Amino acid sequence: MKVACIGSGLIGSGWATYFALKGLETTMFDIDESKLEEAVERIKSNLKFLYEAEVIDERAFNQCIERITVTTDMKKAVEDAEVIQENGPENYEIKQKIIQDIELYGKKDAIIASSTSGLLITEIAKGANHPERIIGAHPYNPVQLIPLVEITKGEATESVYIDKAVSFYQSIDKEPIVLKKEALGFISNRLALALYREAVEIVERGICTVEEVDKACCFGPGLRYALMGPNLIYQLGGGKYGIQGALAHMGPSVEKWWEDMADWKKWPEGYGERVQKGVDEEMENRRESHGKTNEDIAMFRDKGLIMLLKYHEKM
Ligand SMILES: NC(=O)c1ccc[n+]([C@@H]2O[C@H](COP(=O)([O-])OP(=O)(O)OC[C@H]3O[C@@H](n4cnc5c(N)ncnc54)[C@H](O)[C@@H]3O)[C@@H](O)[C@H]2O)c1
């Protein structure tokens, strides 16, 4: 099966790495030759990491490299592709133009899946000849390691293409979830940002430091969240009474906490600068072996993700 990645930045190169790992012939397109060169280096580095973590052997490493072709020629990129993953900048005009270019050369029934983090598919598909096959397929960074793909549809998307997309992502071991209706931030970022608002609040109120927020999350609920979602967590918390019992038990206290918790809609003035100082201190305090720089911390994260993915039987 042939697939195409349009836009070769962080996400496009992550998808290309993943598609190649799953045995798919992958073409990666960008308007900027230098971005393609950078993407190839990023893909090699992604694969080198997987090789060093003993996820792939040397043969698989070389096969993945061979499966990826790069080009600045849109026709070459999309003409044989059955799935076209769009990863251009987060901008309606650019994405609409990319879709028009794809439609000039691509198969009429190819799935066009946008990696958009939050733009509306209805809007992205405006001006398309075949908007029925345009979907959202929002991945999580690093794409080659995180299984979640949030599938969204626009007004003109036909459900047959949603079904095809779900089958496709399942066939390559992703975990697709289909949103029943469009929602800003989709599912996962709404959840993440609800947590983050309170993370900001408790630092701003002087309840704890930036570092302590991260420790509380990482060494407490975060460990469980890596294994199951909040509903299952409360199911177990309720023992034989299940989540219903847990909620009945916690209910009155939680309503008091909610009354006290953040519900603001605008970031506190100057928070960016304050939190950066806190994160710099946190990074300085980390153990050398857990990484102190962005690059080393990302490596620490990715090694841990591999262990978790194996436990989830996703790798
Ligand atoms: N960065 C993330 O964590 C993340 C996570 C999930 C989804 N996304 C989404 O994925 C998409 C790409 O994000 P990114 O972080 O990889 O961005 P990026 O800036 O790293 O890459 C965008 C690429 O698109 C290329 N490009 C620009 N105009 C183009 C055109 N007309 N045709 C083809 N390519 C073009 C650029 O040269 C660049 O290489 C965005 O829609 C973004 O919202 C990003």
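These lines cover the structure that appears in this document, whether it is placed above or below.

Moving on, we get to the site of the ligand. Surrounding the ligand, one finds 23 residues, the nearest of these being Ile11, Asp30, Glu90, Lys95 and Ser117. The separation between an oxygen atom of the ligand and a polar side-chain atom of Lys95 is 2.8 Å. Within the side chain of Ser117, an N or O atom sits 2.8 Å from an oxygen atom of the ligand. In isolation the ligand has 830 Å² of accessible area, and contact with the protein removes 75% of it. A per-element tally of the shell around the ligand places helix α5 (residues 92-105) first, with three residues.

Next up on the list: the packing of aromatic side chains. Counted under the stated rule, the structure contains seven aromatic pairs. Look at Trp264 and Trp267: their rings are 6.3 Å apart centre to centre, the planes differ by 50 degrees, and that puts the pair in the tilted class. Their ring planes at 15 degrees and their centres at 6.4 Å tell us that Trp267 and Tyr271 sit as a pair that is stacked. Each member of the aromatic cluster is reached from another via a ring pair, and the members are Trp15, Phe19, Phe168 and Tyr169. Looking at Lys174, its charged tip hangs above the ring of Tyr18, at a distance of 4.1 Å from the centre.

What counts as what
- Residues numbered from 1 in each chain as written.
- Predicted model: local features only at pLDDT ≥ 70, side-chain atom pairs only at ≥ 80, totals over all residues.
- Heavy atoms only, no water.
- Near = heavy atom within 4 Å.
- Polar contact = N/O pair within 3.5 Å; in protein donor to acceptor, adjacent residues only side chain to side chain.
- Areas by Shrake-Rupley, 256 points an atom, 1.4 Å probe, with all protein chains shown as cover.
- Helix = DSSP H or I, 4+ residues; strand = E, 2+ residues; numbered from the N terminus.
- Phe/Tyr/Trp six-rings, centres within 6.5 Å; stacked < 30°, edge-to-face > 60°.
- Lys NZ or Arg CZ within 6 Å of the ring centre and 35° of its normal.

Remember, this is a structural readout, not a statement about activity or role.
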